[in-house]
Amino acid sequence: MKLYITPERKDFMSSILTRNAVRQVLEMAVSTGADFAEVYAEHTKSNRMTMIDGKVETIVDNFLSGAGIRVCKGLKSVYACTGDLSLSGLLKCAANAAQAIASGSASREIVLTERIFGDIHPVKIVPGTAPNARKADIIRTSYAAAREYHEDISQVESNLIDVDHEILIANSDGLFTGDRQVRTRLFTSAVASKNGENQAGSCSPGRRMGLEMFDTIDPAAVGREAARQAVVMLSAGYCPAGKMTVAIENGFGGVIFHEACGHSLEATAVAKGRSQFVGKLGTQIANPKVTAIDDGTIPGAWGSMNIDDEGHPSQRNVLIENGVLKSYLIDRLNGKRMGMASTGSSRRQSYTFEPTSRMTNTYIANGPDKNEDILRSMNEGLYCRKMGGGSVNPITGEFNFAVTEGYLVRNGQICEPVRGATLIGKGSEILMDIDMVGQNLDMGQGMCGSASGSIPTNVGQPLIRVSSITVGGR
């Protein structure tokens, strides 16, 4: 099997990484008595084009090639990696890993069988082969729309990012497979300024697609949305603090579930007893209106995969169904620790990271409540239209998240905008306090950082209501 697509890539999976060469590397990796060995090789090309002050400021191309070799014996694992893809370099890396895992001697014949899992994410326009002029037109359109939105817009930056990620995965169980993952993302940020004060806004849609992403996403709309946020928040007063009822809008509002609950459902934490949800399968952990899903099989979605980074087909995993915990997200090694099968959830940033269980496209599903009823139900509270970043302790589930665009609610009506709000709580508690779930499911895109590096993930939900949560403010 040779994995090369475009002329500049053909030296990656050259005759060195044939099936026979990979077999030799795996046999070296188990030569001291390991139970299991795996080779993960990649070639990744990424491009970033940036527009500032109305002109293309930078065009940056990055290339990454190398291989990681993992060996396991029982519940112990050793991971080694190298940028040397010659057979001698790979054999040396495998020998180092083998000697680190055990000191014995063993001979094992490995037979590799190629598997092709198919591609549910066809790419029409590979960004790396598109003219730079076409990319420049996209960011110029978004930049101009943001700049022209309002007289208070003082700064705009627009970026187009594309990644072409090609992988080969083989292991001592006989698996030999590969995949190619193309992703595209537009990121526009804007700053509004008045009377010495500045406020920022941003919009950053991304897809598991090529440039055909812009057949359905309007770059100008992205720029206007970034500018709109900045202008709105420039006139906002400060949010009051205290316990209150909060409505969180769809799309990136799902970051709260992702961070406060999702990471605690990854076997990375569960297998080592470092999760608030250890031992709770089959028990009610959320309001019965809450169903949460992690689905890596959504065609064209930012966090989707054909296969995970251990070569397992991606899956749709129901984590919580009607408030009851149904599943964790499980990789091979942690699954062995837990006595459970992989859920196709193993991911890593690159060959320099050992894989572990991670989320893909994680969301709260549509519920039974009408969106207008959710807002009408609030006598007083906070409406969070846009959420930002935050922090969480996966062991306890305690979190805090910034609200980047918020509004006070009075008598069921959205009123004046407020800034400086944060949501503070605990994952296990917020799940029970989500007492209304709307019907406008949407997703937002982000990069999730954890033990195996930074990976693309979708977060999502419909409009939800949290009956009571601590809001930090003034």
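Placed above this text is the structure.
One numbering rule holds for all chains: residues counted from 1, following each sequence as written. Local features are withheld for residues below a pLDDT of 70 in this predicted model, meaning they are given only at 70 or higher, and side-chain atom pairs are given and counted only at 80 or more; totals for whole chains, interfaces and linings count all residues. As a rule here, side-chain values come from all non-hydrogen atoms in the structure, and water together with hydrogens is ignored.

Our focus in this paragraph is the layout of surface pockets. Roughly 960 Å³ of volume is contained in the largest pocket. Taken together, 41 residues make up the lining of the largest pocket; nearest its centre are C203, S204, F252, G444 and Q445. Strands here mean DSSP runs of E at least two residues long; helices mean DSSP runs of H or I at least four residues long; both are numbered from the N terminus. Elements with a minimum of two residues in the lining of the largest pocket: β6 (175–194), β7 (197–203), α4 (219–234), α5 (255–262), β17 (380–392), β22 (442–450) and β23 (453–461). The greatest single-element share of the lining of the largest pocket, amounting to 8 residues, is contributed by β22. Polar here means any residue other than Ala, Val, Leu, Ile, Met, Phe, Trp, Tyr, Cys and Pro, which are nonpolar, and Asp, Glu, Lys and Arg, which are charged; Gly is therefore polar. Residues belonging to the lining of the largest pocket are distributed by class as follows: 15 nonpolar, 17 polar and 9 charged. In this structure, the second largest pocket is lined by 27 residues; those nearest its centre are V163, Q349, M447, S454 and P456. Among the secondary structure elements, those contributing two or more residues to the lining of the second largest pocket are β1 (36–52), β2 (55–73), β5 (153–171), β6 and β23. With 5 residues, the single largest contributor to the lining of the second largest pocket is β6. Considering only residue class, the lining of the second largest pocket consists of 10 nonpolar, 9 polar and 8 charged. The distinction between a cavity and a pocket rests on a 1 Å grid over the protein atoms alone: a 1.4 Å probe fits inside a cavity but cannot get out, while a pocket stays open yet meets protein on both sides within 12 Å along at least five of seven lines, and a residue with an atom within 4 Å of a point counts as lining. Grid points are joined across faces, edges and corners, and a volume is the space filled by probe spheres set on the points.

It is worth spelling out the sheet that holds strand β11 (residues 292–295) at this point. Pairing is mixed in the open sheet, where 6 strands are placed in the order β13-β12-β11-β16-β23-β22. What marks the edges here is a single partner per strand, and that holds for β13 (324–325) and β22. By the convention used here, residues are in contact when the closest approach between their heavy atoms is within 4.5 Å. Every axis corresponds to a line fitted to the C-alpha atoms, with the helix fit spanning only the stretch in contact, and the corresponding angles, defined between N-to-C directions, vary from 0 to 180 degrees. Packed onto the sheet, α5 meets β11, β12 (316–321), β16 (361–364), β22 and β23 and runs at close to 120 degrees relative to β23. Pairing between strands is defined by DSSP: at least two bridges between them are needed.

Moving on, we come to the nonpolar core. Membership of the largest hydrophobic core comes to 44 residues, with the highest contact counts inside it found for L382 and L423. For this core, the leading source of residues is α5, giving 5 residues. Throughout, nonpolar core names a set of buried Ala, Val, Leu, Ile, Met, Phe, Trp, Tyr and Cys residues whose side chains join them through atoms within 4.5 Å. When a residue's accessible area, from a 1.4 Å probe over protein chains only, is under 20% of the maximum for its type it is buried; when over 50% it is exposed; and in between it is partly exposed. Core analysis: the next-biggest nonpolar cluster, separate from the first, contains 27 residues, A41, A97, I110 and A170 among them.

Our next topic: the environment of V60. Take V60: it is sitting in strand β2. Judged by relative accessible area, which is 37%, V60 ranks as partly exposed. With 199 residues separating them along the chain, V60 and E259 place their C-alpha atoms 31 Å apart. With near-sequence residues (within four places) excluded, V60 lies in contact with S46, N47 and R48.

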